Amino acid sequence: MPGRIACALSPVDLAQHEGRAGALGLIQIGVWLVLGALVIAFSAGSEGILSGVSIPADVVVIALVFFLLDYFLTATIMAGIGAVTGSEQESRAIAGIFGFVTAIPFFFIFAFFDNPNGPVPVFLTLFPLTSPMVVILRSAFTTIPPLELIAAFVILLITTLIIMWIAARIFRLSLLMY
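Because the structure is a prediction, the values reported are computed rather than measured. (Residues numbered from 1 in each chain as written. Predicted model: local features only at pLDDT ≥ 70, side-chain atom pairs only at ≥ 80, totals over all residues. Heavy atoms only, no water.)

Check the secondary structure of the protein and you find 10 helices and 0 strands. Classification of the 178 residues of the protein by burial places 28% in the buried group. Total accessible area on the protein stands at roughly 11300 Å², and carbon and sulfur atoms take up 75% of it. (Helix = DSSP H or I, 4+ residues; strand = E, 2+ residues; numbered from the N terminus. Buried < 20%, exposed > 50% of the residue type's maximum accessible area, 1.4 Å probe, protein only. Areas by Shrake-Rupley, 256 points an atom, 1.4 Å probe, with all protein chains shown as cover.)

Quick look at the packing of helix 8 (residues 119-126) against helix 9 (residues 131-141) now. At a closest axis distance of 7 Å, the pairing of helix 8 and helix 9 adopts a crossing angle of 135°. Judged by the angle between their axes, helix 8 and helix 9 are oblique. Of the two elements, helix 8 crosses helix 9, and the hand of that crossing is left-handed. The residues of helix 9 that touch helix 8, namely those facing Pro 121, Val 122, Leu 124 and Thr 125, are Ser 131, Val 134, Val 135 and Arg 138. Class assignment of the residues belonging to the contact of helix 8 with helix 9 gives a composition of 5 nonpolar, 2 polar and 1 charged. (Axes fitted to C-alpha atoms, helices over the stretch in contact; angles between N-to-C directions. Parallel < 35°, antiparallel > 145°, perpendicular 65-115°, else oblique. Left-handed = near helix turned anticlockwise from the far one by under 90°. Contact = heavy atoms within 4.5 Å. Nonpolar A, V, L, I, M, F, W, Y, C, P; charged D, E, K, R; others polar.)

Right, let's get into the packing of aromatic side chains. Evaluation of the coordinates by the stated rule reveals 7 aromatic pairs. Their ring planes at 90° and their centres at 5.2 Å tell us that Phe 113 and Phe 141 sit as a pair that is edge-to-face. With Phe 113 in helix 7 (residues 109-114) and Phe 141 in helix 9, this residue pair connects regions lying 28 residues apart in the sequence. Assessed through its relative accessible area of 45%, Phe 113 is described here as partly exposed. Phe 141 sits in the partly exposed class, given a relative accessible area of 34%. Clustering of aromatic rings is evident, with ring pairs tying together Phe 67, Tyr 71 and Phe 72. (Phe/Tyr/Trp six-rings, centres within 6.5 Å; stacked < 30°, edge-to-face > 60°.)

With 10 residues, the main nonpolar core is built from Phe 66, Leu 69, Leu 73, Ile 77, Ile 81, Val 135, Ile 144, Leu 149, Ala 152 and Leu 156. Elements represented by at least two residues in this core include exactly helix 4 (57-84) and helix 10 (146-177). With 5 residues, the top contributor of residues to this core is helix 4. Those residues in contact with Leu 149 that sit more than four places away from it in its chain are Ile 62, Phe 66, Val 135 and Ile 144. Grouped together as the second largest cluster of nonpolar side chains are 5 residues, Ile 109, Phe 112, Val 134 and Leu 137 included. (Core = buried A, V, L, I, M, F, W, Y, C linked by side-chain atoms within 4.5 Å.)

This is how it looks when you write it as structure tokens:
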């Protein structure tokens, strides 16, 4: 019965439903952010390890926007992987590849130290699978040019929408197969 209902939905509606179900993870992240902000706020006047920590509001907004887009991109990719694989073991193997790709910026961390506006950090800023992490990382070392930031956002948004559409199609086809 659920398969019949799912097949009656359009692929985009189906993906949006799955995205709403994933919002519970966003609530958990929100709780962690609020708790972190409270810890920093209460330790501001003390001599503790966090006494000199301040995070500019624009960096927080940029990080949240990129985090949300990355969350939906990753969730959509994983839903597509789950739809085409036949077992949990296959899903984990393929998902591990994407986990490795998102960790690529850490292999080039010295490029961020030496020249945060160099070709490698700029490329990783514009590459959709690494851009959320790299934008936050680069903002710790330098001011990212607004045009690069807008380009990274647009590329990530378009990639997320395209992957969501493709994953919804794959998910719908996999439902029709079983």
